[in-house]
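Chain residues, written in single-letter form:
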Amino acid sequence: MPSKSRPASNAPHKRAASPADTSHSAQQGIGNNALQSMLAALNGSDIQREGSLTNPLDTTTSTTIDQVLQQSSSSGLSAAVMQHAFQPKDGAAASDDSMRLFVPGLNTPEPEASRRTQIYADVLQESMVHMHNGTHLEAELPYADQIDYAVALMTRMGVKSSPLIDELTKLLSANFQQEVPEDVHLLLYSDSTIAGTQAISKLRKGEIARRMAALAPAKRRSSRQQIAEQVDELMRKHLFVELHGNAVSDLPMGPRYLLWTDTEDPLSHKALPWSDQTLGLHANNRDDNPDAVYVDYDGPYKNYDAHNLAAGGVHVVKETLRLNGVSSSQELHEKASRGEKILVPRSVQGNPRELWNPNNQ
């Protein structure tokens, strides 16, 4: 959803376009290679990077999930992922063995998207990998931002998948197909809350189906509930998901969720037609998932800058952790799950240099 950006970089990217279904067009006399070139030119190079991990040392380049999985055979999956992490510039990041991935929102081309990832790593003092959410803005198409919105709407409605959904599902599935899954901390912002939760849903369904297929046919029906419970328990243990500026109405079973929502965020609080619900989830519009914790806060900015994670939200997160005497979002979730009260700070100082509208005070 809305994620205002700075001008796009025209630097060449090194991820090839994804193969397309060109069977119909090929019959009309257009070869597969020619059609792929046309589609790549139409979408722009930023879209071609969607679902890849940005190189923190050279943000014009990235690594595909397939390449990461190849690397993981020798180094382990977490190590293969975290070698692409943006490191906090001031001080050492907390040492743990988990994968920590940040996925941004719409309308944010590279390298601006990864520039903001560096901000989040610096403020939270956490190593953080950037998985790119491609935009049509870089292709300089008419109404490119609206094309992004249209694609997001179709994705939210379940009409289509996306490279981001597919690549994130591939990575998560590879993790949960290991004998012992590794811990994953997934940070989703704005539009990526849609893609991320859909990837989680696909992960869960796929993992249940994979385990069912390993059983004798006669045992599958009677074992389905038990297998679903096993998968949910594994996901609850190894997958922790934070959502910021969310635009979702459903949280798939399995993971633990922590939802941060600015009470002034017009996106999350946008009223849905013919309903008393809002576009996103928050304390007054909860999902029925028992593993979801909601933190509603009054951030430093109004209007769409209340949706601005770099200007306001990430600073609220930092202060909330400090105020509650915890060092991580996972610890905050644990505290809330024990029934302890979560203290929410007021009058948090944001970063006005990151405002989309500098006059919006």
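Attention here is on the structure that accompanies the text. (Residues numbered from 1 in each chain as written. Predicted model: local features only at pLDDT ≥ 70, side-chain atom pairs only at ≥ 80, totals over all residues. Heavy atoms only, no water.)

**A word on the packing of helix α6 (residues 112-124) against helix α11 (residues 309-323)**
- At a minimum axis distance of 10 Å, the contact between α6 and α11 shows a crossing angle of 25°. Considering their axes alone, α6 and α11 lie roughly parallel with respect to each other. As α6 packs across α11, the resulting crossing turns out to be right-handed. Contact with α6, carried on its side by Ile-119, Tyr-120, Val-123 and Leu-124, involves Leu-309, Ala-310, Val-314, His-315, Val-317 and Lys-318 of α11 and no other residues of that element. (Axes fitted to C-alpha atoms, helices over the stretch in contact; angles between N-to-C directions. Helix = DSSP H or I, 4+ residues; strand = E, 2+ residues; numbered from the N terminus. Parallel < 35°, antiparallel > 145°, perpendicular 65-115°, else oblique. Left-handed = near helix turned anticlockwise from the far one by under 90°. Contact = heavy atoms within 4.5 Å.)

**Re the nonpolar core**
- Val-81, Leu-101, Met-131, Leu-239 and Leu-251 are the most contacted members of the largest nonpolar core, which totals 46 residues.
- The element best represented in this core is helix α9 (residues 191-213), accounting for 7 residues.
- Contact partners of Leu-251, with chain neighbours within four places excluded, come to Thr-197, Leu-243, Tyr-257, Leu-259, Leu-281, Asp-287, Asn-289, Ala-292 and Tyr-294. (Core = buried A, V, L, I, M, F, W, Y, C linked by side-chain atoms within 4.5 Å. Buried < 20%, exposed > 50% of the residue type's maximum accessible area, 1.4 Å probe, protein only.)

**Things to note about the side chain of Asp-287**
- Along the polypeptide, Asp-287 turns up in the loop between β8 (256-262) and β9 (292-297).
- The side chain of Asp-287 is buried and forms no salt bridge, while Arg-286, the nearest opposite charge, is found at 10 Å.
- From its side chain, Asp-287 meets the backbone nitrogen of Leu-251 in a polar contact 3.3 Å long.
- Within the structure, Asp-287 has its side chain in polar contact with the backbone nitrogen of Asn-289 (distance 2.7 Å).
- Contact partners of Asp-287, with chain neighbours within four places excluded, come to Ser-249, Asp-250, Leu-251, Leu-281 and Tyr-294. (Lys, Arg positive; Asp, Glu negative; His and termini not counted. Salt bridge = Lys/Arg side-chain N within 4 Å of Asp/Glu carboxyl O. Polar contact = N/O pair within 3.5 Å; in protein donor to acceptor, adjacent residues only side chain to side chain.)

**As for unusual backbone geometry**
- In the segment running from Glu-110 into Pro-111, the intervening peptide bond is cis, with an omega of 5°.
- Unlike most non-glycine residues, Gln-125 shows phi in positive territory, near 55°.
- By secondary structure assignment, the location of Gln-125 is in the loop between α6 and β5 (128-130).
- The residue Ser-347 is not glycine, and still its phi comes out positive at about 55°.
- Among the secondary structure elements, Ser-347 is positioned in the segment after α12 (329-337).

**Quick notes on the sheet that holds β5**
- Strand order in the open sheet formed by 7 strands is β3-β5-β4-β6-β7-β8-β9, with mixed pairing between adjacent strands. Whereas interior strands pair on both sides, the edge strands pair on one side only; in this sheet they are β3 (85-86) and β9.
- As judged from the 5 bridges shared by strand β4 (residues 99-103) and strand β6 (residues 184-189), these two strands associate in the parallel manner. By the bridge assignment for β6, Arg-100 is matched with His-185.
- Packed onto the sheet, α12 meets β6, β7 (239-244), β8 and β9 and runs at close to 100° relative to β8. (Pairing = 2+ DSSP bridges.)

**Some thoughts on the environment of Asp-191**
- Within the secondary structure, Asp-191 is located in helix α9.
- Under the relative-accessibility criterion, Asp-191 is labelled buried at 8%.
- Here the side chain of Asp-191 touches Asn-133 through a polar contact of 2.8 Å, side chain to side chain.

**Overview of the packing of helix α4 (residues 65-75) against helix α8 (residues 163-176)**
- Closest axis-to-axis distance for the α4/α8 pair is 10 Å, and the angle between their directions is 15°. The orientation of α4 relative to α8 falls into the category roughly parallel. Along this stretch, α4 crosses α8, giving a crossing that reads as right-handed. Contacts from Ile-65, Asp-66 and Leu-69 of α4 reach α8 at Glu-167, Lys-170, Leu-171 and Ala-174.
- For the contact of α4 with α8, a count of residues per class yields 4 nonpolar, no polar and 3 charged. (Nonpolar A, V, L, I, M, F, W, Y, C, P; charged D, E, K, R; others polar.)

**Observations concerning a nonpolar patch on the surface**
- Judged by side-chain polarity, Leu-153, Met-154, Met-157 and Val-159 come together as a nonpolar surface patch covering roughly 400 Å² of accessible area.
- Tracing the chain through its elements places Met-157 in the loop between α7 (144-156) and α8.
- By relative accessible area, which is 58% here, Met-157 ends up exposed. (Patch = residues over 30% accessible without salt bridge, like charges linked within 9 Å, V, L, I, M, F, W, Y side chains within 5 Å. Areas by Shrake-Rupley, 256 points an atom, 1.4 Å probe, with all protein chains shown as cover.)

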